[in-house]
Amino acid sequence: GKYQLIYFNVRGRGEAIRTLLKDNGIDYEEINCGNNWQKEWKPQMQFGQTPALRDNDFLLVQSNAILRHLARKHGLYGDTEEEAALIDMINDGVEDLRSKYVNLIYRNYENGKDEYIADLPNQLQPFEKLLSSNGADRSGCCVGTKRSFADYNLSDLLDVHVVLAPKCLEDFPTLKAYYQQYLARPGILEYRETEAFKQRPINGNGKQ
Ligand SMILES: N[C@@H](CCC(=O)N[C@@H](CS(=O)(=O)O)C(=O)NCC(=O)O)C(=O)O
């Protein structure tokens, strides 16, 4: 049956999942749990949180577990154990920076934005180095020659940071090219022209 993505109407931790599904032509239904979150949806979730993926009668939460589940099922986890390990390593690095970004947005935006942006080059440098050094064939893959789930998570992370700090990729040519290749992918280009994408806020509190 069709997958269901259960999440709020924000990009947040759901957007990497959406772009993976869209870019790979995997059909899914979007369920907005914001309307009756506390009573109807939260109690169903193993950690009381969302995003959640329903795969027939299998309910999975934790955004990175969802990405990995879809990657295993749809061939987006590299071709070797080493590639899978590098994909995991990069995705965990994405998670580290995403957690810092989420903390800024929801807990420290006014007082922390300038300092966060000043430190952002230090946070992006490891990704620039990784993408430059691992011999990826420059087709927009962070590992090897095939897209992986980490590419959707990293690309969404760059996307939200370009909104927060428009010039943040200027000193990182490899990251910038990687991000532009992502935006140019037919599946992504088409998705970003939909009303569903354009109307969706990046975060739940209107800050970006
Ligand atoms: N580690 C979890 C974090 C999920 C999370 O923090 N979800 C928030 C929404 S969001 O921050 O991802 O937009 C939530 O469910 N909040 C509602 C609640 O906690 O009741 C993941 O990666 O999925």
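Heads up: the structure comes first, above all this text.
This write-up is about the structure you can find in this document. (Residues numbered from 1 in each chain as written. Predicted model: local features only at pLDDT ≥ 70, side-chain atom pairs only at ≥ 80, totals over all residues. Heavy atoms only, no water.)

Turning our eyes to something else, we now look at the overall build of the chain. Scanning the chain from N- to C-terminus turns up nine helices and four strands. Element order for the chain, N to C, with α for helix and β for strand: β-α-β-α-β-β-α-α-α-α-α-α-α. Computed over its C-alpha atoms, the radius of gyration of the chain comes to 17 Å, within 12% of the 17 Å expected for a compact globule of 208 residues. Within the span of the chain, comprising 208 residues, buried residues form 49% of the whole. Put simply, of all contacts in the chain between residues at least 6 apart along the chain, 64% involve residues at least 24 apart. Surface accessibility of the chain: about 10200 Å² in total, with carbon and sulfur atoms responsible for 50%. With 26 positive and 30 negative side-chain charges, the chain shows a separation of 4 Å between the mean positions of the two kinds. (Helix = DSSP H or I, 4+ residues; strand = E, 2+ residues; numbered from the N terminus. Rg over C-alpha atoms; globule rule 2.2 N^0.38 Å. Buried < 20%, exposed > 50% of the residue type's maximum accessible area, 1.4 Å probe, protein only. Contact = heavy atoms within 4.5 Å. Areas by Shrake-Rupley, 256 points an atom, 1.4 Å probe, with all protein chains shown as cover. Lys, Arg positive; Asp, Glu negative; His and termini not counted. Charge placed at Lys NZ, Arg CZ, Asp CG, Glu CD.)

Moving on: the site of the ligand. Residues in close proximity to the ligand include Tyr-7, Phe-8, Arg-13, Trp-37, Lys-42, Gly-48, Gln-49, Thr-50, Pro-51, Gln-62 and Ser-63, which together make up its full environment. Take Trp-37: an N or O atom from its side chain is 2.9 Å from an oxygen atom of the ligand. In the model, an oxygen atom of the ligand is placed 2.6 Å from a nitrogen or oxygen of the Ser-63 side chain. Across the complex, the protein chains shield 75% of the 540 Å² of accessible surface that the ligand would expose by itself. (Near = heavy atom within 4 Å. Polar contact = N/O pair within 3.5 Å; in protein donor to acceptor, adjacent residues only side chain to side chain.)

Our focus in this paragraph is unusual backbone geometry. Here the bond from Thr-50 into Pro-51 is cis, since omega is 20°, no more than 30 degrees from zero. Positive phi outside glycine occurs at Gln-62, with the angle close to 80°. For Gln-62, a relative accessible area of 38% puts it in the partly exposed group.

Taken N-terminus to C-terminus, the directions of helix α5 (residues 109-133) and helix α6 (residues 149-164) make an angle of 140°; their axes are 11 Å apart at the nearest point. Taken together, the axis directions place α5 and α6 in an arrangement best described as oblique. For the element pair α5 and α6, the recorded crossing hand is left-handed. Contact residues: α5 offers Tyr-109, Lys-113, Tyr-116, Ile-117, Leu-120, Leu-124, Phe-127 and Leu-131, while α6 offers Leu-154, Leu-158, His-161 and Leu-164. When grouped by side-chain class, the residues that make up the contact of α5 with α6 number 10 nonpolar, one polar and one charged. (Axes fitted to C-alpha atoms, helices over the stretch in contact; angles between N-to-C directions. Parallel < 35°, antiparallel > 145°, perpendicular 65-115°, else oblique. Left-handed = near helix turned anticlockwise from the far one by under 90°. Nonpolar A, V, L, I, M, F, W, Y, C, P; charged D, E, K, R; others polar.)

Once that is clear, we can look at α5. Here α5 is 25 residues long and its end C-alpha atoms lie 34 Å apart, about the 36 Å a rise of 1.5 Å per residue gives. Where α5 bends most, the angle comes to about 40°, and this point is Asp-119, followed within four residues by the proline Pro-121. Taken together, the buried residues of α5 touch α4 (81-107), α6 and α7 (173-184). (Expected span 1.5 Å × (residues − 1). Bend = angle between axes of the 7 residues up to and from the residue.)

Attention now moves to the packing of α4 against α6. Interhelical geometry of α4 versus α6 gives an angle of 30° and a closest axis separation of 9 Å. In terms of orientation, α4 lies roughly parallel with respect to α6. The two elements α4 and α6 cross, and the hand of that crossing is left-handed. When α4 is examined against α6, the residues Ile-87, Asp-88, Ile-90, Asn-91, Val-94, Leu-97, Arg-98, Tyr-101 and Leu-104 are found in contact with a partner set consisting of Phe-149, Ala-150, Asn-153, Leu-154, Asp-156, Leu-157, Val-160, His-161 and Leu-164. Tallied by class, the residues present in the contact of α4 with α6 amount to 12 nonpolar, three polar and three charged.

Taken together, the four strands give an open sheet; going across it, the order is β2-β1-β3-β4, and neighbouring strands pair in mixed fashion. Two strands lie at the open edges of the sheet, namely β2 (28-32) and β4 (58-61), each paired on one side alone. Taking the axes of each pair of neighbouring strands and ignoring which way they run, one obtains an average angle of 20° across the sheet. In the packing of helix α3 (residues 63-73) onto the sheet, contacts are made with β1 (3-7), β3 (52-55) and β4, and the angle to β4 comes to roughly 130°. (Pairing = 2+ DSSP bridges.)

Looking now at helix α1 (residues 15-23). With eight of nine residues buried, α1 lies mostly within the body of the structure. For α1, the complete set of buried residues consists of Glu-15, Ala-16, Ile-17, Arg-18, Thr-19, Leu-20, Leu-21 and Asp-23. Remark: Gly-25 follows α1 within two positions and exhibits a positive phi of approximately 60°.

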